[in-house]
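The primary structure of each chain is shown beneath.
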Amino acid sequence: MSKLSELSAIVEYGKLREVEAAVEGALAEGNAPIDVLNIGLVDPINVLGEKFRLGEIFVPELLIASRCMKIGVEKVRPLLSSGDVKSLGKVICATVAGDMHDIGKNLVALLLGSAGFEVIDIGMDVEPESVVEALQENTDAQIIGLSALLTTTMYAMKDTIEALEEAGLRDRVKIMVGGAPVNQKFADQIGADGYATNATSAVDLAKKLVGISTSRS
Ligand code: B1M
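What counts, and where the lines are drawn
- The residue numbers shown here count from 1 along each chain, following its written sequence.
- Two thresholds apply to this predicted model, a pLDDT of at least 70 for residue-level local features and 80 or more for giving and counting side-chain atom pairs, whereas whole-chain, interface and lining totals are computed over all residues.
- Hydrogens and waters are ignored; side-chain quantities use all the structure's heavy atoms.
- The helix and strand labels rest on DSSP assignments: H or I over at least four residues marks a helix, E over at least two residues marks a strand, and numbering proceeds from the N terminus.
- C-alpha atoms define the radius of gyration in this analysis, and the globule rule sets the expected value at 2.2 Å times the number of residues to the power 0.38.
- Here's how the labels work: a residue is buried when its accessible area is under 20% of the maximum for its type, exposed when over 50%, partly exposed in between, all with a 1.4 Å probe on protein chains only.
- Per-residue and other accessible areas follow the Shrake-Rupley method at a 1.4 Å probe size, with only the shown protein chains counted as cover for residues.
- In these notes, residues near a molecule or strand are those with any non-hydrogen atom within 4 Å of it.
- Under this definition, polar contacts are N or O atom pairs within 3.5 Å; protein pairs additionally need one hydrogen-donor-capable and one acceptor-capable atom, and for neighbouring residues in sequence, both atoms have to be side-chain atoms.
- A cavity here means a set of points on a 1 Å grid, drawn over the protein atoms and nothing else, where a 1.4 Å probe fits but cannot get out; a pocket is an open set with protein on both sides within 12 Å along at least five of seven lines, and a residue lines either one if it has an atom within 4 Å of a point.
- Cavities and pockets are treated as containing a molecule whenever more than half of the molecule's atoms lie within 2 Å of their grid points.
- In this classification, Asp, Glu, Lys and Arg are treated as charged, Ala, Val, Leu, Ile, Met, Phe, Trp, Tyr, Cys and Pro as nonpolar, and every other residue, Gly included, as polar.
- By the convention used here, residues are in contact when the closest approach between their heavy atoms is within 4.5 Å.
- Stacked, tilted and edge-to-face are the three classes assigned to paired rings of Phe, Tyr and Trp, where Trp is represented by its six-membered ring and a pair needs centres within 6.5 Å; plane angles under 30 degrees give stacked, over 60 edge-to-face, the rest tilted.
- The rule for pairing is simple: two strands pair if DSSP sees at least two bridges between them.

*Asks:* What is the right way to read the overall build of the chain from this model?
*Replies:* Each helix and strand in the chain was counted, giving 9 helices and 5 strands. Of the regular secondary structure in the chain, the N- to C-terminal order runs α-α-α-α-β-α-β-α-β-α-β-α-β-α. Over its C-alpha trace the chain gives a radius of gyration of 18 Å, about what one expects of a compact globule, namely 17 Å for 217 residues. Along the first, second and third principal axes, the C-alpha set of the chain runs to 55 × 40 × 30 Å. Within the chain, the proportion of its 217 residues that are buried is 45%. Carbon and sulfur atoms form 52% of the exposed surface of the chain, whose accessible area is close to 10,900 Å².

*Asks:* Help me understand the site of the ligand in this model?
*Replies:* The local shell around the ligand holds 36 residues, among which M100, H101, D102, S147 and T151 are the closest. Separating a nitrogen atom of the ligand from a backbone N or O atom of G98 is a distance of 3.0 Å. A distance of 2.8 Å separates a nitrogen atom of the ligand from a polar atom in the side chain of H101. When atoms are counted within 2 Å of each cavity's grid points, the one that captures over half of the ligand is the largest pocket. In terms of residue count, the dominant contributor to the shell around the ligand is helix 3 (residues 33-53) (6 residues). Its residues assigned to classes, the shell around the ligand comprises 19 nonpolar, 13 polar and 4 charged.

*Asks:* Would you mind showing me how to read helix 9 (residues 199-209) here?
*Replies:* Side chains that are three or four residues apart share a direction in an α-helix, a result of its 3.6 residues per turn. Listed as buried for helix 9 are A199, A202, V203, D204, L205, A206 and L209. Close packing links the buried residues of helix 9 with helix 5 (103-115), strand 2 (117-121), strand 3 (141-147), strand 4 (174-178) and strand 5 (194-195). Backbone nitrogen of T200 and a side-chain oxygen of the N-cap are separated by 3.1 Å at the start of helix 9; the cap is N198. Of the residues one or two after helix 9, G211 is the one with positive phi, at around 85°.

*Asks:* Is there a simple way to explain the packing of aromatic side chains in this structure?
*Replies:* Inspection of every chain in the model, using the stated rule, returns 1 aromatic pair. Taken together, a centroid distance of 5.5 Å and an interplanar angle of 90° make the contact between Y155 and F186 edge-to-face. Of the two residues, Y155 is situated in helix 7 (residues 155-166) and F186 in helix 8 (residues 184-190); the sequence distance between them amounts to 31 residues. For Y155, a relative accessible area of 48% corresponds to the partly exposed category.

*Asks:* Would you mind showing me how to read the sheet that holds strand 3 here?
*Replies:* Two orientations exist for strands paired in a sheet by backbone hydrogen bonds: parallel and antiparallel. Taken in spatial order, the 5 strands line up as 2-1-3-4-5 in an open sheet, and their pairing is parallel. Pairing within the sheet leaves two strands with one partner each, and these edge strands are strand 2 and strand 5.

None of this, on its own, says anything about what the molecule does.
Quick look at the structure:
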């Protein structure tokens, strides 16, 4: 079994104490940090998601695996930096009100930071008014990134955009949205400026929104 597969299994089975050494092992094997992140740390969460959907595992297993993933992410985080010191712009990231899912949002924030954006992560379960306040405190932010994982909370994205409109701040920023139940059609319906399916495309989208051309676009 490769070290990368070993890491993936360690996260899936929630072996908290073995994660750091497994990340080191996968890196020492010659795997790129981005592969260690995506294959070793994120893929097992997706595997568990399917098992959860099928009723084969329950919330505690998900929580322990999420903690494993976070430990691993902290280990690879310094290796993901582009080394580019010039800031590409400031992004405020949040998981919307009522939603406790922050793994995807954290990954988006991590890759945005690694690409050179300054990220203000205001957490999960963030009320629309708190997003407005964050923008008032960070008047130089160009983008707000909203994440939602529940079909019930995705409408909080619309509430957040409306709160920004009511505060007279909507035109000051671009708004990008993402998360499993969200799609381009929904993004268009709620008046967002962009939608991204994953963390890598979120970086491309953020660059596009601030007027930087990317090799993939
Ligand atoms: Co929950 N959960 N969960 N959960 N959970 C889902 C979302 C679910 C689909 C599972 C299922 O039933 N199959 C289901 C939602 C069903 C629905 O809405 N129709 C569900 C449910 C029901 C629940 C609870 C209600 C369960 C309960 O308590 N009975 C509860 C709700 C709590 C709440 O939020 N109020 C709950 C709780 C939890 C845990 C706390 C145990 C845990 C979250 C831990 C944490 O985040 N700290 C958890 C988890 C882990 C999941 C699954 C298994 C995995 C989510 C995840 O982290 N995926 C999930 C099933 C699934 O999605 N397959 C599920 C990995 C992550 C990297 O992917 O978040 O999609 P994702 O992010 C991607 C993209 O979506 C995108 O890029 C990311 C990286 O590629 N993206 C963006 C995300 N945000 C973006 C923002 C952008 C751009 C791209 O721009 C700003």
